[in-house]
Number of protein chains: 2
Amino acid sequence: MAERSQYEELARQISAMGAVKRSLARLLPAECPSGSAAVLALLDRYGEMRISRLAELLAVDMSVTSRHVAHVAGRGWIERSPDPDDGRSRILRLTPAGVARLEDLGRRTTDLFAHHLKDWSDDDVGRLNALLARLRESLGDCRNARTPT
Amino acid sequence: MAERSQYEELARQISAMGAVKRSLARLLPAECPSGSAAVLALLDRYGEMRISRLAELLAVDMSVTSRHVAHVAGRGWIERSPDPDDGRSRILRLTPAGVARLEDLGRRTTDLFAHHLKDWSDDDVGRLNALLARLRESLGDCRNARTPT
DNA sequence: TATTGTTATACTCTATAACTATA
DNA sequence: TATAGTTATAGAGTATAACAATA
């Protein structure tokens, strides 16, 4: 259990990550905004899946996911085939064009980090990745169990 | 210098922080959205300042900052006094009502973290805070030096 | 002429709710 | 009746550009 002031500092840091996120987003071509890029990245990492699963991984509502998916499908970066087990669903899968697009995106972000994070060690980046993953897991179920005003 | 795959993982983690940020935002009263909360927090931490300085700290355009400031000023949480050294500027300062509002916000976020981050040590939280601060510093000047498409 | 700040406009991302189709 | 997905609508946050006032 950490001190209260550390929690407030953490809240400030999280809030300020928006600026970092925007830096990354500015790297992207106008045709492929960050929502689209996230869809492609997850399909690459976890393989084909349905929209509901994608929405879970993105941690956004299914309606939002549906729009992002429609966007990338319209560009030919993914294909939607019928789900043999459930007529209501379709299976999403990267196309070769989607893979190519994703490789381009990976190159852009890698270039940015390689330039600005020159003095970070492999371990530094790994530690940050691990802590962020843990943070998301710890806060993962905030969505449903809360006390708003 | 870290490996390429770690950079791509970092990009994914940063992108996914949006969900964590929204969890925090859902704690806030409707009257005080996250932009307003950030203004109050920075004025508390750094003391009175002008809009342009606030925009720098928020890492957001001055036009955006201007709107957030108008919102919190309208609620009486900050006051704007003329800048004796520059007739174009005004000095922003927390009011007692703003301090009270901020204390309430701090209580909410602290409660959330205390509940969900029970198994985090003081050092864990401190390490994450330090790494996030360093990340923002390393990427701090991305805004002006880039190669979009 | 340059800078501080404000406002108008537009775009992205998001959630809620209503709706269709299938289970 | 319940679930997967889509679409319409609304709201927050942001950037760009045009503008006012002062330096």
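In the block above lies the structure referred to throughout.
Rules behind the numbers
Residues numbered from 1 in each chain as written. Chains lettered and ligands numbered in written order. Predicted model: local features only at pLDDT ≥ 70, side-chain atom pairs only at ≥ 80, totals over all residues. Heavy atoms only, no water. Helix = DSSP H or I, 4+ residues; strand = E, 2+ residues; numbered from the N terminus. Buried < 20%, exposed > 50% of the residue type's maximum accessible area, 1.4 Å probe, protein only. Contact = heavy atoms within 4.5 Å. Areas by Shrake-Rupley, 256 points an atom, 1.4 Å probe, with all protein chains shown as cover. Lys, Arg positive; Asp, Glu negative; His and termini not counted. Charge placed at Lys NZ, Arg CZ, Asp CG, Glu CD. Buried area = accessible area lost by both parts, 1.4 Å probe. Salt bridge = Lys/Arg side-chain N within 4 Å of Asp/Glu carboxyl O. Polar contact = N/O pair within 3.5 Å; in protein donor to acceptor, adjacent residues only side chain to side chain. Nonpolar A, V, L, I, M, F, W, Y, C, P; charged D, E, K, R; others polar.

Description of the overall build of chain A
Consideration 1: Along chain A, the regular secondary structure elements total six helices and two strands.
Consideration 2: Counting helices and strands in the order they occur from the N terminus, chain A gives α-α-α-α-β-β-α-α.
Consideration 3: On the principal axes, the C-alpha backbone points of chain A span a range of 50 × 40 × 25 Å.
Consideration 4: A buried classification covers 48% of the 149 residues belonging to chain A.
Consideration 5: Within chain A, contacts between residues separated by at least 24 positions form 47% of all contacts whose residues are at least 6 apart in sequence.
Consideration 6: Element-wise, carbon and sulfur atoms account for 49% of the exposed surface of chain A, whose accessible area totals about 7,700 Å².
Consideration 7: In chain A, the 23 positive side-chain charges and the 21 negative ones have mean positions that sit 6 Å from each other.

So, the interface of chain A and chain B
Consideration 1: Of the residues lining the interface, 68 residues belong to chain A; the matching set on chain B comes to 67 residues.
Consideration 2: Taking both sides of the interface into account, the surface hidden between chain A and chain B amounts to around 6,800 Å²; carbon and sulfur atoms contribute 63%.
Consideration 3: The interface formed by chain A and chain B contains four salt bridges.
Consideration 4: A salt bridge links Arg134 of chain A to Asp124 of chain B, with the nearest nitrogen and oxygen atoms 3.0 Å apart.
Consideration 5: Our count for the contact surface shared by chain A and chain B stands at 18 residue pairs in polar contact (both at pLDDT 80 or more).
Consideration 6: When contributions to the side of chain A that touches chain B are tallied by element, the ones reaching two or more residues are helix H1 (4-25), helix H2 (34-46), helix H5 (96-116) and helix H6 (122-138) of chain A.
Consideration 7: Among the elements that line the side of chain A that touches chain B, the one with the most residues is H1 of chain A, at 20 residues.
Consideration 8: Residues that form the side of chain A that touches chain B fall into these classes: 32 nonpolar, 14 polar and 22 charged.

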